[in-house]
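# Structural overview
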Amino acid sequence: MGRAPFIKSVVILTALACALATPAQAAGSGRGRLWLEAQNRSLDNQRATLSDVARKAMPSVVSITTRQLTDEAAVSGEEPQKGIGSGFIIHADGYILTSAHVVEGASEVVVSVMHPRGYAEEYVARVVGEDARTDCALLKIEAPRRLPVLRLASASHVRSADWIVVIGNPFGLSHSVTVGVVSYMGRTDVTPNGRDGDFDYMQMDASINPGNSGGPVLDLHGDVVAVANAVNVAGQGIGFAIPIDIAKTVIPQLRAHGRVRRGWLGISVQDYSPEVAEAFNLGHGQGVVVTEVVEGGPGERAGLHHGDVIIGLDTRRVRRAHTLRWQVAARGVGHDVRLRIHRLGKPMRLKVRLEEMPSEEAPAPTLASRRQGRRPTRGQSSVLDDLLSPVPRAKTLPPTAPEAEPAGPGSEDGAPTP
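This text gives an overview of the structure that appears in the document. (Residues numbered from 1 in each chain as written. Predicted model: local features only at pLDDT ≥ 70, side-chain atom pairs only at ≥ 80, totals over all residues. Heavy atoms only, no water.)

For the rest of this paragraph, the subject is the pattern of salt bridges. Summed over all chains, the structure comprises 16 salt bridges. Across the pair D52 and R55 runs a salt bridge, and its minimum N-O distance is 2.4 Å. You can see D52 and its partner R55 sitting in helix 1 (residues 3–57), 3 residues apart, about one turn around the helix. You can call D52 partly exposed: its relative accessible area is 27%. Classification of R55 as exposed rests on a relative accessible area of 54%. Note that E121 and R145 form a salt bridge whose closest N and O atoms lie 2.5 Å from each other. Of the two residues, E121 is situated in strand 5 (residues 120–124) and R145 in the loop between strand 7 (136–140) and strand 8 (163–168); the sequence distance between them amounts to 24 residues. (Salt bridge = Lys/Arg side-chain N within 4 Å of Asp/Glu carboxyl O. Helix = DSSP H or I, 4+ residues; strand = E, 2+ residues; numbered from the N terminus. Buried < 20%, exposed > 50% of the residue type's maximum accessible area, 1.4 Å probe, protein only.)

Taken together, the side chains of W163, V177, V179 and L220 present a nonpolar region at the surface, about 300 Å² in accessible area. Position of V179 among the secondary structure elements: in strand 9 (residues 176–187). Taking relative accessible area as the criterion, V179 reaches 38% and is therefore assigned partly exposed. (Patch = residues over 30% accessible without salt bridge, like charges linked within 9 Å, V, L, I, M, F, W, Y side chains within 5 Å. Areas by Shrake-Rupley, 256 points an atom, 1.4 Å probe, with all protein chains shown as cover.)

This part covers the sheet that holds strand 1 (residues 61–68). To summarise the sheet geometry, strands pair through backbone hydrogen bonds and adopt either a parallel or an antiparallel arrangement. Spatial ordering of the open sheet is given by 5-4-1-2-3-7-6, a layout of 7 strands whose pairing is antiparallel. The open sheet terminates on both sides in strands that have one partner only, identified here as strand 5 and strand 6 (126–131). Within this sheet the neighbouring strands show an average axis-to-axis angle of 30°, counted without direction. Two elements, strand 1 and strand 4 (residues 108–114), share 5 bridges in a ladder whose sense is antiparallel. Looking at strand 4, one finds that S63 is bridged to S112. (Pairing = 2+ DSSP bridges. Axes fitted to C-alpha atoms, helices over the stretch in contact; angles between N-to-C directions.)

Spatially, 8-9-10-13-12-11 is the arrangement adopted by the 6 strands of the closed barrel, whose pairing is antiparallel. Neighbour-to-neighbour, the strand axes of this sheet turn through a mean angle of 45°, independent of strand direction. Relative to strand 13 (residues 239–243), strand 10 (residues 201–204) runs antiparallel, the two being bridged by 3 bridges. By the bridge assignment for strand 13, Q203 is matched with F240. Contacting strand 12 (224–231) and strand 13, helix 4 (residues 244–257) crosses the sheet at an angle of about 40° to strand 13. (Contact = heavy atoms within 4.5 Å.)

All right, on to the environment of A206 then. Inspection of the secondary structure puts A206 in the loop between strand 10 and strand 11 (216–218). Each C-alpha atom of the pair A206 and G180 lies 4.2 Å from the other, and the pair is 26 residues apart in sequence. Contacts of A206, omitting those with residues within four sequence positions, involve I164, V166, T178, V179 and G180.

Looking now at the packing of aromatic side chains. Evaluation of the coordinates by the stated rule reveals 1 aromatic pair. We note R187 situated over the ring of Y184; from NZ or CZ to the ring centre the distance is 3.7 Å. (Phe/Tyr/Trp six-rings, centres within 6.5 Å; stacked < 30°, edge-to-face > 60°. Lys NZ or Arg CZ within 6 Å of the ring centre and 35° of its normal.)

Fair warning: the whole summary comes from geometry, so function is off the table for now.
Here's what the structure looks like:
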């Protein structure tokens, strides 16, 4: 073969290789471009969803300003202390949910509502009821029109890394929106607001600052799943909210009585652990251990002894002390509960009628609780029933374990259990 034909063959083979490689490279480039476009569309859809949630919820979120006039200030002529917070409308008749610490001790509570035309309307609110242990308060304003409301869903479908939207009044900057993800569900071993109570915090990385307390935490459906409550001042990007399930439990009692009447067993319990088992000479097991029984209390009268292991409450299994405490408290006063226990390894069943906590006394009415408007009449007793019903979901949620406890507040292990 001569040199010229050889060179010609090399040129032909090179051209053929380039021709074959170009479609493959183009295909690879095309796949990469399609992937990037899909990712960008997904991000755009998420941004649009978050923006839509915030935009639709904005008219239902209110700013709260309080004044607290102390006796000392009144005598000295000092200006009353002022506070700020957030809240959201849960019924068109003017019922508003917020945090109890926002209105605690207030002599006046003023609520700012966004008018449909875009300007702010101010109303003096009446504190219908408040509960420090769940940090929930129910307010009422008398507006001349039906107000836009937010739906109360459930935190039971919320999972870590889910997107959430928080709207509030940080530092008095009304209707501020922050966005983040859920960091953890069911924090019972923290007290970020410095108070003990029936809390089961949702931890999130959305920014929460003074003035956000009482504002709604929304899922991507635009429904309320928690109430913004506190921020960890020792860390950045760590906020806490109270699951809306807790508020839905106490709202009827706040509406009816102005306070929460908790059920009480008259015992103290601790989680089952090797140390507790050794102290009470118990073997391996599950449940919560009765460490103290109040003399003359409902638990003692029903036959509970210290060292008993409670493994079930009615049809639910009991595995944590804080869960038992909340389940008992939420059932209220005068209800009968059936306990399944182990005593010296033998199964037993006891029936206990719950009583009211001895320390649970009706708080003295404050000026803010008497202001603005009449207490609803008997004919309005069902005005909040609709907001407590479950919110239907369009998507199918993953099944939960049959023995899993529902979301609810708790306390640190070893605390007295109602």
